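Structural overview
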Amino acid sequence: MKQKLMVTVCSLVAVQTLYAAGATMDNVKLFDNFFQDASQERGVYAEGSLGYVNNDNFDGMLFGVRGGAPIAPRIEIGMQAGFVSLDYDHSPSESGLSDPIIGVKYHLNNWENNQLSVGAHLSLPVGDEDVGGDRTNFGVFGAIRHPMNARAVITGIAGLSSIEVSDGWGNDREFSLQLGGGLIYKVDALLHGIAELTMATEVEKMDLTLGADYVVQDNGRLRGSVDLGLDDGSPDFTLTVGYLHRF
């Protein structure tokens, strides 16, 4: 009798978890907050991307790879790395590796069909200083996904980071508040639209990102986004295309 009761309880927990993951569209990743998000993955995933960036005094190309994997039922690790090539209008071009970022997040119990997660991230100072690398930044965050209906999910994030900033004499350390919200809309079984608005204080960043996620095969998705910078610390325009694969 006890064994049957335990099996029933475990089955109900598994069904509830799968329902929550489906209701919150965890198979659709955000763009700006790719890892700093409440979505929960069931296996290894990776995305490669190519981007074009434009600002008042430069334009450039961005090559990136990011992904993650669950290491326990509620714990997930992630990492991203990239290469940056910038062509300045009135100074020599620069190129080099960006600082890789590693992260870990813990998925909390679902609350009234909301998906909740908390986590931390750390950048490793091994990138090229000429493209904004060689800095140690770290922070914590909390994230939520809330299903509005069968077609729409809203997302939110709040975080606090300790970042290295240049003060003219060298690098100083400041705290930066990160806030973000988003919407995932299911157009049909294959196509989802994504909108995000994110901001970070101290670095004066605010970005509006509009993108699409399209299923091209069982485990693969073609993704693209346009990012519009709304504050001085953000590039004016960024166009990114990528491919996400789940193994």
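**With respect to the pattern of salt bridges**
This structure, assessed with the given rule, holds eight salt bridges. Its salt-bridge partner being Arg223, residue Glu47 comes within 2.4 Å of it at the nearest N-O pair. Of this pair, Glu47 sits in strand β1 (residues 45-54) while Arg223 sits in strand β12 (residues 220-229); the two residues are 176 residues apart in sequence, bridging distant segments of the chain. In this structure Glu47 comes out as buried when scored by relative accessible area, which is 4%. Exposure remark for Arg223: the relative accessible area of 2% places this residue in the buried category. Members of the salt-bridge network, linked through shared partners, are Glu47, Arg66, Asp213, Arg221 and Arg223.

**With respect to the confidence of the model for the protein chain**
Taken over all residues, the pLDDT of the protein chain has a mean of 89, while the share at 70 or more is 89%. Confidence over residues 1-21 falls short of pLDDT 50; this stretch has nine contacts with residues more than four positions distant or in other chains.

**Re the pairing of strand β8 (residues 152-166)**
Taken across its 15 residues, β8 has eleven buried, putting it largely inside the fold. With ten bridges joining them, strand β7 (residues 138-147) and β8 adopt antiparallel strand pairing. Across the sheet, His146 pairs through a bridge with Ile154, a residue of β8. Counted between consecutive antiparallel strands, the loop separating β7 from β8 contains four residues. Here β8 runs beside strand β9 (residues 171-186); their pairing, made up of 15 bridges, is antiparallel. Residue pairing for β9: Val165 is matched across the bridge by Asp172.

**Overview of the packing of aromatic side chains**
Under the counting rule described, the total for this entry stands at three aromatic pairs. Here Phe34 and Tyr45 contribute two aromatic rings whose centre-to-centre distance is 6.0 Å and whose plane-to-plane angle is 50 degrees, an arrangement assigned as tilted. With Phe34 in the loop between α1 (2-23) and β1 and Tyr45 in strand β1, the pair connects residues that are eleven residues apart, well separated along the chain. Taking 6.3 Å as the distance between ring centres and 45 degrees as the angle between the ring planes, the aromatic pair formed by Phe63 and Phe83 counts as tilted. With Phe63 in strand β2 (residues 58-72) and Phe83 in strand β3 (residues 75-88), this residue pair connects regions lying 20 residues apart in the sequence.

**Some words on a nonpolar patch on the surface**
A contiguous nonpolar surface patch, about 500 Å² in accessible area, is contributed by Leu50, Met61, Phe63, Phe83, Leu97 and Val241. Taking relative accessible area as the criterion, Phe83 reaches 33% and is therefore assigned partly exposed.

**Notes on the nonpolar core**
Counting seven residues, the largest nonpolar core consists of Met25, Val28, Leu30, Phe31, Val153, Ile184 and Ile194. Aside from chain neighbours lying at most four places away, what touches Met25 is Arg145, Ala150, Arg151, Ala152, Val153, Ile184, Lys186 and His192. One finds Val53, Phe58, Val84 and Val131 within the second-largest nonpolar core, a separate group that totals five residues.

Rules used throughout
Residues numbered from 1 in each chain as written. Predicted model: local features only at pLDDT ≥ 70, side-chain atom pairs only at ≥ 80, totals over all residues. Heavy atoms only, no water. Salt bridge = Lys/Arg side-chain N within 4 Å of Asp/Glu carboxyl O. Helix = DSSP H or I, 4+ residues; strand = E, 2+ residues; numbered from the N terminus. Buried < 20%, exposed > 50% of the residue type's maximum accessible area, 1.4 Å probe, protein only. pLDDT = per-residue confidence, 0-100. Contact = heavy atoms within 4.5 Å. Pairing = 2+ DSSP bridges. Phe/Tyr/Trp six-rings, centres within 6.5 Å; stacked < 30°, edge-to-face > 60°. Patch = residues over 30% accessible without salt bridge, like charges linked within 9 Å, V, L, I, M, F, W, Y side chains within 5 Å. Areas by Shrake-Rupley, 256 points an atom, 1.4 Å probe, with all protein chains shown as cover. Core = buried A, V, L, I, M, F, W, Y, C linked by side-chain atoms within 4.5 Å.

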